[in-house]
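So the chains spell out like this:
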Amino acid sequence: MNRKKIVHFILDDKFIIPEMNIYDSLKEYDNEYILIKNLPFQHRVYLKEKERVREMSRWSVKKKISRSDYTDIIILHSLFSLPLDLFKFIHPSVKVVWLAWGYDLYHGKYGMEPLIKIPSLYGVYTNKYVESQENQFKSSFLIKSRMRELISQMLWPATTSLMNDVLQRIDYFGGYPGEYELIQRNDYFRAENVDYSYPLIFNLYSKNNVGSFSYNIVGNILIGNSATETNNHIDIFAKIRKFVSSDKKIIVPLSYGSSNYREYVISKGHEFFTKQFEPLVDFMPLAEYQSLIQGCSVAIFGHERQQAVGNVIMSLWNGAKVFLSQDSLVYKYLKSIGLVVFSIQRDLNEREINTFLSKDEIMDNRRIVSDNFSNEAVLAKVEVMLKKALS
C-alpha cells in the first residue's frame, strides 16, 4: 500500500501530545511534527520528547514545503503554527488542513480584526478591568510587551493582506461546531468543513469508563479555566457571592494566562470569598487536575467565545452541573447533542447552585460525552477527515 505522508506544524502546547498519539496510531500514514524555532533562547515548555518533534527554522521550512514530493497533507495545529508569509510557498498539490484554535479566530493579532467577531466578550466588571489596562499602555511592562510583539512581527509577519491570501490557501477547516458558518462570512475563505475534536492524553471518556462513576459529589465550585480576561471571573464572583454557602470552596484555575490579570483575580477572589477562595496558580498534570475537580458539583465558565471546552467536557463527565453563557457556541452545541447544561443568564441562582444533578442525568451526560469526545470518537473523525483530504 502506498503510504501517505502528513506534515504537522505545531506549537509548544500541552494539547499537542495527545493529538500526536492519535495520528501515530494510524498505521497507513507517516507523520512528521515540526516546531518552527526562530531564536536560540526559545525553549520548549511542554514538548520534551525531542525525538518526536523536529525543530526547524522558517528558512528550512520554506524550502521543504515548496517541493511536490515533500508531503501529501499539511495539518496546521493553529493557523499561526506556520508563519503567514510562508503559505504562498506551499506546493499547489499539497492539501492544507487548518485545525483552528480559539486564539486563531477571536484574537486580532498585531491589530488586525479578529476572523470571528463576538459583540461583547466581557461582562461589566471585566470590561472595566480591560479598559483600565488599555489606559496603562505606556507603563514599562507594556512597552516591553510591545517590543516583544514588534520582534515577533518581524519573524512571524501578520497583516490583513497576508491573512486574506492564507485563507484562500486553506483547503479544509476544522473548528468548533458553528465556527465554520461564522468564518464563511469572510470573502476570502473557501475551505471545506471537517468535523474535529481534541483528544485527551489518556482515554478518560472511553465507553468502558461510562459506568465507573461513584455518586459521591462534593459541593465545591469550579470557576473558569485560566488567567485570561475572557473568563469574566469577576462578573461570575459578583453574581454568586450572595448565595454561595460558607462550606463550599471556590476553585479557580489560573496557572496560565496573564500574570497581571491573575493577580487581579486573586485579589478580588479573596475580597469576595475570603478563606473559601482557592486559586490554582501552578500547572498540574492532567490526572492530578482531573482528581481535584472531581470534588466540584458546580462548574461555571463565563466565556462568550469558544474556550475551555476540555474543562467543560471533563466537568460534565465528573457529574458537575455546568453553567455556560447561553450566547456561546459551546452552550448551543452541547444543548443540541442532548447534554444537560445550564445558562448563566437564566439558571445561575441560589436554588440551582445548591442542587446536584441526578444520577440519571449524570449517566446520560457521560454516555453522550463518550459518544462524541472519547479518543475513539476523535480517531473516527480524524480518519474521515484524512480520507476527505486525500480524495
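Keep in mind it's a predicted model, so treat the numbers as computed, not measured.

(A) Local environment of the nonpolar core. Core analysis: the largest hydrophobic core is formed by 102 residues, its most contacted members being Phe 9, Leu 79, Trp 98, Ile 300 and Leu 334. Per-element tally for this core: the top contributor is helix α11 (residues 309-317), with six residues. Beyond its immediate stretch of four places on either side in the chain, Leu 79 contacts Leu 84, Phe 87, Trp 98, Asp 104, Met 163, Val 166 and Ile 170.

(B) Seen up close, the pairing of strand β4 (residues 73-77). Within β4, five of the five residues are buried, which leaves the element mostly enclosed by the surrounding structure. Neither face of β4 is left uncovered, since the one carrying Ile 73, Ile 75 and His 77 and the one carrying Ile 74 and Leu 76 both have all their residues buried. As paired elements, strand β1 (residues 4-9) and β4 share four bridges and run parallel to each other. Bridge pairing links Phe 9 to Leu 76 in β4. Note that β4 and strand β5 (residues 95-99) share five bridges and pair parallel.

(C) Just the sheet that holds strand β12 (residues 321-324), in detail. Ordered in space as β10-β9-β8-β11-β12-β13, the six strands form an open sheet in which the pairing is parallel. Each edge of the open sheet is held by one strand with a lone partner, namely β10 (277-280) and β13 (342-343).

(D) Local environment of empty space enclosed by the protein. Counted by the stated rule, this structure contains two cavities of 30 Å³ or more. Here the largest cavity is characterised by a volume of approximately 50 Å³. Lining of the largest cavity is provided by Phe 301, His 303, Arg 305, Gln 307, Val 312, Leu 324, Ser 328 and Val 330. Residues belonging to the lining of the largest cavity are distributed by class as follows: four nonpolar, three polar and one charged. There is about 40 Å³ of room inside the second largest cavity.

(E) View of the layout of surface pockets. There is about 350 Å³ of room inside the second largest pocket. Around the second largest pocket, the lining is made up of 20 residues, and of these Glu 113, Pro 114, Leu 115, Ile 116 and Lys 117 lie nearest the centre. Examining the composition of the lining of the second largest pocket, we find that four residues originate from one element, helix α6 (residues 160-169), more than from any other.

(F) Broad picture of helix α2 (residues 58-65). Restricting attention to buried positions, one finds in α2 the residues Arg 58, Val 61 and Ile 65. Looking straight down α2, one finds its buried side chains confined to an arc of 55°; they lie on one side. Counted as exposed and oriented over 90 degrees from the buried face of α2: Trp 59 and Lys 63.

Definitions and limits used
- Within every chain, residues take consecutive numbers counted from 1 along the sequence as written.
- The model is predicted, so local features are restricted to residues of pLDDT at least 70 and side-chain atom pairs to those at 80 or more, both for listing and for counting; the totals for chains, interfaces and linings are taken over all residues.
- Excluding hydrogens and water, the side-chain values take into account all heavy atoms of the structure.
- Buried Ala, Val, Leu, Ile, Met, Phe, Trp, Tyr and Cys residues form a nonpolar core when they are joined through side-chain atoms within 4.5 Å.
- Each residue is assigned to one of three classes by its accessible area relative to the maximum for its type, calculated with a 1.4 Å probe on protein chains only: buried under 20%, partly exposed between the two thresholds, exposed over 50%.
- Working definition: helices are DSSP H or I runs of at least four residues, strands are E runs of at least two. Numbering for both runs from the N terminus.
- The contact criterion used is simple: two residues touch if any of their non-hydrogen atoms lie within 4.5 Å.
- Any two strands are treated as partners once DSSP identifies two or more bridges connecting them.
- In this analysis the probe radius is 1.4 Å and the grid spacing 1 Å, with only protein atoms considered; a cavity is a set of points the probe fits into but cannot get out of, a pocket is an open set with protein on both sides within 12 Å along at least five of seven lines, and lining residues have an atom within 4 Å of a point.
- Grid points are joined across faces, edges and corners, and a volume is the space filled by probe spheres set on the points.
- When residues are grouped by polarity, Ala, Val, Leu, Ile, Met, Phe, Trp, Tyr, Cys and Pro land in nonpolar, Asp, Glu, Lys and Arg in charged, and all others, Gly among them, in polar.
- In this description, one arc is meant: the one made by directions from the helix axis to the C-beta atoms.

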